[in-house]
Amino acid sequence: MKHPTRWLSFIGALVILGANANFSLAEDVKPEIIGPYLSPRHTSTGISFVYDDFRDPRNATASFLADWNTMYPDPANPWVYNPNTVKYCTSLTDEVCSKATKFEAVAFMPACVGPEDNYCVESIYAVVNEKRIDGVLKSNYPKTTLRAFKGDAKYNLASGSTSTIWTIPGVKNAAGNEDYLISTYLAQTGQRNPDGTLQPFKVKTMTLGFYAINMLQGPYSDLLPNGSGIDGITQSGCAVTELGSCAKRSAFAENTRYGIVLRFATPPVSWFYGRMSRAVVDTEVKPYGLNLTVEAEPVYVPIAAGFSTWNNLPTYLQDFYQRKNNNGIGFGTDGMPVGDDPTKWDFGANHTSDDFGSLKAWMPLVKDQAAIMSPQFFLRSVPSDSMGNLARCFTSGNQVNGLVTSNATAYTPGPPNFDQQAQSLDYEMASPHYTAAGNLSKGSYDLSIRSSVASCIYGFKDNVPIKASISIVGGSSDIATELISNKNGWFRLGAYGFTFSQPKLRVKLTQDLPTPTQNNNGGMQNNNGGMQNNNGGMQNNNGGMQNNNGMQSSVMKPAAKTISIKCVKGKTVKTVSGTNPKCPAGYTKK
């Protein structure tokens with residue numbers, strides 16, 4: 001007897017990349033841009049899979065504040081969630097939380113009401129033809145949530161509310177209306193000191209999802225804490241649901257940038273990744289804390305999805321799906337009555353976007369082609385313990401330090417990895433080679449990094465580097481590199497047009513040294529506190545400093561115009577940018 005496909009999630013980590021939103025809806029986006037809906041479409045037992053971003057708020061969750069020890073009650077398995085024992089709170093002072101010693105919270109941020117509110121959405125807007133159009137708050141959605149709770153600014157705890165719907169006048173999405181939904185939440189933890197006093201809550205991650213929507217009525221359910229409800233990735237295609245209705249995702253307005261302003265009591269985190277293009281992140285100190293502004297273009301992400309019987313799966317995937325977890329249970333039987341015979345398994349595998357091996361293994365089975373092209377505008381913070389080999393630089397200061405975004409199906413989670421030998425910032429990406437319409441998939445990447453962080457990574461002493469080179473290893477030579485800007489304390493660059501399947505993008509920053517000048521034999525002299533340079537030395541005759549071993553004075557030249565050239569070595573192409581760019585050894589100018 002046929003039974004419905006069961007879906008399981010592989011939870012992993014991520015990194016950072018961006019995209020050029022110049023995809024043609026007519027050519028590359030199938031009508032069913034939202035989905036995919038795989039469960040009922042096969043007629044034999046086997047494995048369905050989908051690669052979409054399961055850190056997106058679409059993965060059905062809702063606000064809650066709970067006693068951590070009742071969520072994970074088994075000391076032998078401290079990370080196994082038990083829905084039957086969990087006790088929720090309405091505030092830190094209610095009967096449950098007033099006695100709890102450890103806390104976990106997910107707080108969906110409401111719209112700001114008063115001028116001193118924090119942990120809320122202040123505004124959204126669109127930019128069309130360089131004109132800003134402010135959005136108007138329409139409603140909370142859902143109107144209420146079962147586990148709403150009151151925050152406490154004294155302990156840095158945000159209030160748990162719901163998503164919000166906004167109207168942007170004149171900016172019609174692909175569904176023909178002006179409605180947009182923002183779903184932003186904080187994952188927080190807290191605990192008491194031994195004397196019973198509360199420590200300030202910590203923000204583990206901040207997640208922002210922004211969607212063009214079309215409201216539908218139907219047999220939809222409320223979302224509940226910890227992912228209970230209809231998920232918007234494999235099932236409903238909804239950004240959010242409530243009982244009887246769905247905020248159905250749509251494509252965004254073309255040639256439009258969108259901006260979101262959020263309020264925080266303290267800076268959320270230091271580094272972000274996401275799915276958007278040409279993004280700008282800015283912060284502004286306010287009496288209540290600070291404002292975080294995110295402005296960018298949406299992107300279309302190639303979503304990989306498909307189905308195979310067990311016997312047709314490659315060995316890599318068979319081994320992966322049978323891998324034992326900490327409880328000694330194989331993935332295919334983890335909490336599901338599917339039996340020990342994998343040839344009779346029937347479930348769906350939800351892979352996270354850092355699972356490169358499984359994506360590569362699936363591609364021959366789906367002809368290396370995307371199932372759909374999904375419109376996305378998504379941002380997430382990187383946990384402080386996932387900062388890679390340069391955490392000291394990426395987490396410096398109580399501020400936002402960087403953002404990397406991409407349209408790749410799979411990419412590394414976290415900030416860039418610094419290759420000490422190559423002196424480069426490396427990113428791995430992977431996508432199907434072809435779009436849903438059968439065209440070549442074109443990749444894009446955007447990096448914004450504070451000047452101080454770049455200096456920390458490379459050891460620069462003065463200014464941010466004015467040269468950048470990007471090489472695409474494993475992709476095509478069809479790449480344009482754009483040194484976007486180097487100003488106001490931020491260094492920004494982007495790479496667009498490279499092809500997949502699994503390229504590595506390598507960024508290298510360099511700094512022009514100041515041009516030294518030296519005055520030999522007599523130079524300049526000031527006998528009353530000035531300096532004299534004789535044969536390269538420096539002397540101050542009235543208490544100044546002396547260096548008779550050749551100290552050189554230097555003058556920083558104004559930055560010259562930056563130009564770019566392409567350099568080729570076999571299938572590897574580097575684009576070198578600078579004032580006088582030259583190809584590396586072994587490369588020839590294209």
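Residues numbered from 1 in each chain as written. Predicted model: local features only at pLDDT ≥ 70, side-chain atom pairs only at ≥ 80, totals over all residues. Heavy atoms only, no water.

1. Comments concerning the overall build of the protein
In terms of helices and strands, the protein carries 6 helices and 34 strands. In the protein, which comprises 590 residues, the proportion classed as buried is 53%. Across the protein, every contact between residues at least 6 apart in sequence was considered, and the portion connecting residues at least 24 apart equals 73%. Accessible surface, the protein as shown: approximately 25800 Å² in total, 50% of it carbon and sulfur. (Helix = DSSP H or I, 4+ residues; strand = E, 2+ residues; numbered from the N terminus. Buried < 20%, exposed > 50% of the residue type's maximum accessible area, 1.4 Å probe, protein only. Contact = heavy atoms within 4.5 Å. Areas by Shrake-Rupley, 256 points an atom, 1.4 Å probe, with all protein chains shown as cover.)

2. Remarks on the pairing of strand β12 (residues 245-250)
Counting buried positions along β12 gives 5 out of 6 residues, so the element sits mostly inside the fold. Taken together, the 6 bridges between strand β10 (residues 202-217) and β12 define a ladder with antiparallel strand orientation. Directly across from Met 215, in β12, lies its bridge partner Ala 247. Here strand β11 (residues 238-242) runs beside β12; their pairing, made up of 4 bridges, is antiparallel. (Pairing = 2+ DSSP bridges.)

3. Some thoughts on the side chain of Arg 450
Looking at the element boundaries, Arg 450 is found in strand β25 (residues 442-450). One buried charge, Arg 450, has no salt-bridge partner; the nearest side chain with opposite charge is Asp 282, at 6.2 Å. Other than its neighbours up to four places away in sequence, Arg 450 contacts Thr 283, Gln 399, Val 400, Asn 401, Gly 489 and Trp 490. (Lys, Arg positive; Asp, Glu negative; His and termini not counted. Salt bridge = Lys/Arg side-chain N within 4 Å of Asp/Glu carboxyl O.)

4. Observations regarding the state of the cysteines
A covalent bond bridging the sulfur atoms of two cysteines is what the word disulfide describes. If you walk through the whole model with that rule in mind, you get 3 disulfides. Covalently, Cys 112 is tied to Cys 120 through a disulfide, its sulfur atoms 2.0 Å apart. Here the disulfide of Cys 112 and Cys 120 is right-handed, its torsion about the S-S bond being about 95 degrees. Classification of Cys 112 as buried rests on a relative accessible area of 17%. For Cys 120, a relative accessible area of 2% puts it in the buried group. The disulfide partner of Cys 238 is Cys 246, and the S-S distance across this bridge is 2.0 Å. In this structure the cystine formed by Cys 238 and Cys 246 twists about its S-S bond by roughly -110 degrees; its chirality is therefore left-handed. Residue classification places Cys 238 among the buried residues on the basis of a relative accessible area of 2%. In this structure Cys 246 comes out as buried when scored by relative accessible area, which is 0%. (Disulfide = S-S within 2.5 Å.)

5. Comments concerning the nonpolar core
Side chains of nonpolar character tend, in soluble globular proteins, to be buried together. Core analysis: the biggest nonpolar cluster contains 52 residues, and Leu 65, Tyr 180, Phe 210 and Tyr 258 have the highest contact counts within it. Ranked by residues supplied to this core, first place goes to β10 with 5 residues. Counting residues in hydrophobic clusters, the runner-up holds 33 residues, among them Val 382, Phe 394, Tyr 411 and Leu 509. (Core = buried A, V, L, I, M, F, W, Y, C linked by side-chain atoms within 4.5 Å.)

6. With respect to the side chain of Asp 94
Among the structural elements, Asp 94 can be located in the loop between α2 (68-71) and β4 (102-108). Buried charged residue Asp 94 carries no salt bridge. Nearest counter-charge: Arg 192, at 8.1 Å. Among the polar contacts made by the side chain of Asp 94, one reaches the main-chain amide nitrogen of Val 96 at a distance of 3.2 Å. With residues up to four places along the chain from it excluded, the contact list for Asp 94 reads Tyr 88 and Cys 89. (Polar contact = N/O pair within 3.5 Å; in protein donor to acceptor, adjacent residues only side chain to side chain.)

7. Side note on the pattern of salt bridges
Taken as a whole, this structure holds 9 salt bridges when the rule is applied. Ionic pairing is found between Glu 242 and Lys 143, a salt bridge with its closest N-O pair at 3.8 Å. Here Glu 242 is found in strand β11, whereas its partner Lys 143 is found in the loop between β7 (136-141) and β8 (163-167), with 99 residues between them in sequence. Residue class for Glu 242 comes out buried when judged on its relative accessible area of 14%. With its nearest N and O atoms 3.8 Å apart, the salt bridge here joins Arg 257 to Glu 297. In this pair, Arg 257 is assigned in strand β13 (residues 257-264) and Glu 297 in strand β16 (residues 289-297), connecting sequence segments 40 residues apart. Each member of the pair, Arg 257 as well as Glu 297, is classed as buried. One network of salt bridges, in which partners are shared, links Arg 257, Glu 295 and Glu 297.

8. Some thoughts on helix α6 (residues 451-458)
In terms of burial, α6 is largely enclosed, as 6 of its 8 residues are buried. Regarding α6, the residues found buried are Ser 451, Val 453, Ala 454, Ser 455, Ile 457 and Tyr 458. Backbone geometry just downstream of α6 places Gly 459 in the positive-phi region, at approximately 75 degrees.

9. With respect to the packing of aromatic side chains
Applying the stated criterion to the full structure yields 18 aromatic pairs. Summarising the aromatic geometry, the rings of Phe 49 and Tyr 51 are spaced 6.1 Å apart at their centres and angled 75 degrees between planes, so their arrangement reads as edge-to-face. Per residue, the accessibility class of Phe 49 equals that of Tyr 51, and both read buried. Their ring planes at 40 degrees and their centres at 5.6 Å tell us that Phe 103 and Phe 201 sit as a pair that is tilted. Taken as a pair, Phe 103 in strand β4 and Phe 201 in the loop between β9 (179-191) and β10 lie far apart in primary sequence, 98 residues in all. Since its relative accessible area comes to 2%, Phe 201 is described here as buried. (Phe/Tyr/Trp six-rings, centres within 6.5 Å; stacked < 30°, edge-to-face > 60°.)

10. As for the sheet that holds β13
The antiparallel open sheet is built from 5 strands, whose spatial order is β6-β5-β13-β16-β15. At either margin of the open sheet sits one strand with a lone partner, and together these are β6 (131-134) and β15 (277-286). For this sheet the average axis-to-axis angle between neighbouring strands, irrespective of direction, equals 20 degrees. Pairing geometry for β15 and β16, over 8 bridges, is antiparallel. Of the residues in β16, the one forming a bridge with Val 281 is Val 294. (Axes fitted to C-alpha atoms, helices over the stretch in contact; angles between N-to-C directions.)

11. Here's the deal with the environment of His 351
Counting through the fold element by element, His 351 comes out in strand β18 (residues 346-351). There is a polar contact of 2.8 Å between the side chain of His 351 and the side chain of Asp 355.

12. Some thoughts on the environment of Met 429
Assignment of secondary structure puts Met 429 in strand β24 (residues 424-430). For the pair Met 429 and Ser 353, spaced 76 residues apart in sequence, the C-alpha to C-alpha distance is 9.2 Å.

13. Some points on the confidence of the model for the protein
Residues of the protein with pLDDT of at least 70 account for 71%, and the chain-wide mean is 76. Element-level mean pLDDT values for the protein span from 29 in strand β31 (residues 553-555) up to 98 in β6. Residue range residues 1-42 is modelled with pLDDT below 50. Its contacts to residues more than four positions away, or to other chains, number 173 contacts. (pLDDT = per-residue confidence, 0-100.)

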